[in-house]
Amino acid sequence: MLNYILILHLLGATIWTGGHLILALVVLPKALSSHNIDGLLQFEQLFEKIGMPALVVQIITGFWMAYQILPNISSWFTLDNDLSILISLKVLLLLMTTLVALHARFYRIPRLSAHTLKGFSVNIILVTLFSVTFVVVGTLFRTGLS
Ligand code: HEM
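Here is a short report on the structure shown in this document. The model shown is predicted, which means the values in this text are computed figures rather than measured ones.

Remarks on a nonpolar patch on the surface
No. 1: A contiguous nonpolar surface patch, about 500 Å² in accessible area, is contributed by Leu-21, Ile-22, Leu-25, Val-26, Val-132 and Val-136.
No. 2: Of all elements in the fold, only α1 (2–34) and α4 (117–143) reach the threshold of two or more residues within the nonpolar patch.
No. 3: With four residues, α1 is the largest single contributor of residues to the nonpolar patch.
No. 4: When you line up the elements, Leu-21 lands in helix α1.
No. 5: Taking relative accessible area as the criterion, Leu-21 reaches 33% and is therefore assigned partly exposed.

Considering the side chain of Ser-131
No. 1: By the element assignment, Ser-131 lies in helix α4.
No. 2: With relative accessibility at 0%, the residue Ser-131 sits in the buried group.
No. 3: Contacts of Ser-131, omitting those with residues within four sequence positions, involve Trp-16, Thr-17 and His-20.

A closer look at the nonpolar core
No. 1: Residues Leu-23, Leu-40, Leu-117, Phe-120 and Ile-124 are the most contacted members of the largest nonpolar core, which totals 14 residues.
No. 2: Taken together, the elements giving at least two residues each to this core come down to α1, α2 (38–69) and α4.
No. 3: Examining the composition of this core, we find that five residues originate from one element, α1, more than from any other.
No. 4: Counting residues in hydrophobic clusters, the runner-up holds ten residues, among them Leu-55, Leu-93, Leu-94 and Val-100.

The rules we used
- Residues numbered from 1 in each chain as written.
- Predicted model: local features only at pLDDT ≥ 70, side-chain atom pairs only at ≥ 80, totals over all residues.
- Heavy atoms only, no water.
- Patch = residues over 30% accessible without salt bridge, like charges linked within 9 Å, V, L, I, M, F, W, Y side chains within 5 Å.
- Areas by Shrake-Rupley, 256 points an atom, 1.4 Å probe, with all protein chains shown as cover.
- Salt bridge = Lys/Arg side-chain N within 4 Å of Asp/Glu carboxyl O.
- Helix = DSSP H or I, 4+ residues; strand = E, 2+ residues; numbered from the N terminus.
- Buried < 20%, exposed > 50% of the residue type's maximum accessible area, 1.4 Å probe, protein only.
- Contact = heavy atoms within 4.5 Å.
- Core = buried A, V, L, I, M, F, W, Y, C linked by side-chain atoms within 4.5 Å.

This is the structure we're talking about:
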C-alpha cells in the first residue's frame, strides 16, 4: 500500500514542481522580455486544471505517509528527531505555499498587466522555490539529516 501512495506522491511532485519550473524558467522570462502576459495567462489557466489536483494529491498522500511514519500526530512537531523536523518542514512549506498562492489569487492576478508583472513574478519564483524545497526535504526522509 505504502508503495502505491508513494507513487501517487511522486507523480504529484513531478506535476507540481515540474509545472512550476517550466512556468518560472520558460514562460515567465518570455512574458517579461516581450511585455506580453497572454502566454503566461494561458499557461496558468491550463496548468491550474492539473496543478491544483496534483497539490491536493500531494497533501493527502503526504499526510497519509507522515501518519504511517509517526502515528502519534503530536510527535510531528516536537523537532527532537529527524522525522519530526522533516514533517514540520513539509507543513511549514505547505503553509507558505498557501499564503503566497492566496496572495497571488486575490491580490496580484486581479491587477495583473504587463506593468504589474514584476510583482507577480515574485509570487511565481517563491512558489517555485518552495516546490523544489518540497522535493529536497522529501528525499531526506530516506537519507536522514546527517
Ligand atoms: C507539492 C508538495 C510536495 C512535493 C513536491 C513533495 C515531494 C516529495 C518527494 C520527491 C519525496 C521523496 C520520496 C522518496 O523518497 O522516494 C517526498 C517524500 C515524502 N513527503 Fe512529500 N512532497 C510534497 C508535499 C508533502 C506534504 C504536504 C507532506 C505532509 C506532511 C509530505 C510528506 C512526505 C513524507 C512523509 C515523505 C516520505 C515518504 C517515504 O520516504 O516513505 N509531502 N515528498
